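Tertiary structure, described
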Amino acid sequence: MNKIGFIGGGKMATAIIKGIINSNWCKSTDIIVSDKSEAALEQLNEIYKVNTTANNTQVVQESEIILFAVKPFVLRDVINEIKPYTSKEKIILSIAAGISINTIEELTGKIPVIRIMPNTPALVNEGMSAICKGNYANDEHAKIASEIFKSVGKVIITEEKYIDIITAVSGSSPAFYYYIINEIARAGEKLGLDYKTCLKLSAQTAFGSAKMIMESGINPEQLIVNVTTPGGCTAVGNEVLVQNNISEILFNTIEKTAAKAKELGKK
């Protein structure tokens, strides 16, 4: 089951297409993409040699796996358009933010649905995607979704009841990390070092620190201890973070983001 169709050919769809081709999950000839933009389709065909069409129903008819990569506000119309061509033998994958599995199932009927919350680092093959099974999806369907999204990063399989927290911790948080990385660089610039050099130092340090957490098996608290010499430079910086309630600031950031995700999911 490697014939896959994308409804929507934007940046995230493009990243996934690139990933599954480069990982040999499928051939470019087994991929078909629809989009309203003729220019986007021409570019996808030119670069990745995939099949393209302006017809969403053609995507469904020619695919075993259908991936919704459209804006949430148009998804209902898309589903109503393609519904006559769906069947329980096909799998629907959705990366549409805020659209629940139940909503999709109510519109499509008893069809396997997998909801995925990816994030933008998938564009550089360092994404983090959370996969949630619908009521009619099984472990094999989840495995297929995992294989697809592992081509652009890492994957967890979870329950949809956690999706708002995941949205805050993973889906939205690249912006928070960008903010922190940039502000550290700006601080270095204010102290006299050029911004370009500071940004490289800050970004690579963030990348390396994340890799230490992912690969060392050491928890972040211990890694902080390992870097910190009592009375030294790092200790002074840590004290400033604590005095300014960095933990509370970050908790409030994640809490409010998750609350907004929950609110949007009800619309």
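Below is a summary of the structure that appears in this document. (Residues numbered from 1 in each chain as written. Predicted model: local features only at pLDDT ≥ 70, side-chain atom pairs only at ≥ 80, totals over all residues. Heavy atoms only, no water.)

All right, on to unusual backbone geometry then. Positive phi, normally seen in glycine, also occurs at K49, with a value near 60 degrees. Judged by relative accessible area, K49 falls into the exposed class, the value being 54%. The backbone phi angle of N245 is positive, close to 55 degrees, even though this residue is not glycine. On the basis of relative accessible area, N245 is assigned to the partly exposed category, the value being 41%. (Buried < 20%, exposed > 50% of the residue type's maximum accessible area, 1.4 Å probe, protein only.)

The interhelical angle for the contact between helix α4 (residues 72-82) and helix α5 (residues 101-108), taken along N-to-C directions, is 30 degrees, at an axis separation of 9 Å. Judged by the angle between their axes, α4 and α5 are roughly parallel. Crossing handedness for the pair α4 and α5: right-handed. Every residue of α5 that contacts α4 at L75, R76, I79 and N80 is listed here: T103, I104, L107 and T108. (Axes fitted to C-alpha atoms, helices over the stretch in contact; angles between N-to-C directions. Helix = DSSP H or I, 4+ residues; strand = E, 2+ residues; numbered from the N terminus. Parallel < 35°, antiparallel > 145°, perpendicular 65-115°, else oblique. Left-handed = near helix turned anticlockwise from the far one by under 90°. Contact = heavy atoms within 4.5 Å.)

Here strand β7 (residues 127-133) pairs with strand β8 (residues 153-158) via six bridges, running parallel. Directly across from C132, in β8, lies its bridge partner T158. Each parallel crossover has a hand, and the one from β7 via helix α6 (residues 139-150) to β8 is right-handed. (Pairing = 2+ DSSP bridges. Right-handed = clockwise from strand over helix to strand, strands pointing away.)

Here the focus is the environment of I148. Position of I148 among the secondary structure elements: in helix α6. For I148 and W25, which are 123 residues apart along the polypeptide, the C-alpha to C-alpha distance reads 7.4 Å. Aside from chain neighbours lying at most four places away, what touches I148 is I4, I16, I20, W25, I65 and L93.

Strand order across the open sheet formed by eight strands is β3-β2-β1-β4-β5-β6-β7-β8, with mixed pairing between neighbours. The strands lining the two open edges of the sheet, one partner per strand, are β3 (51-53) and β8. When strand polarity is set aside, the average angle formed by the axes of neighbouring strands in this sheet is 20 degrees. The strands touched by α5 are β4 (65-68), β5 (91-94), β6 (113-117) and β7; relative to β6, the strand with the most contacts, the crossing angle is about 145 degrees.

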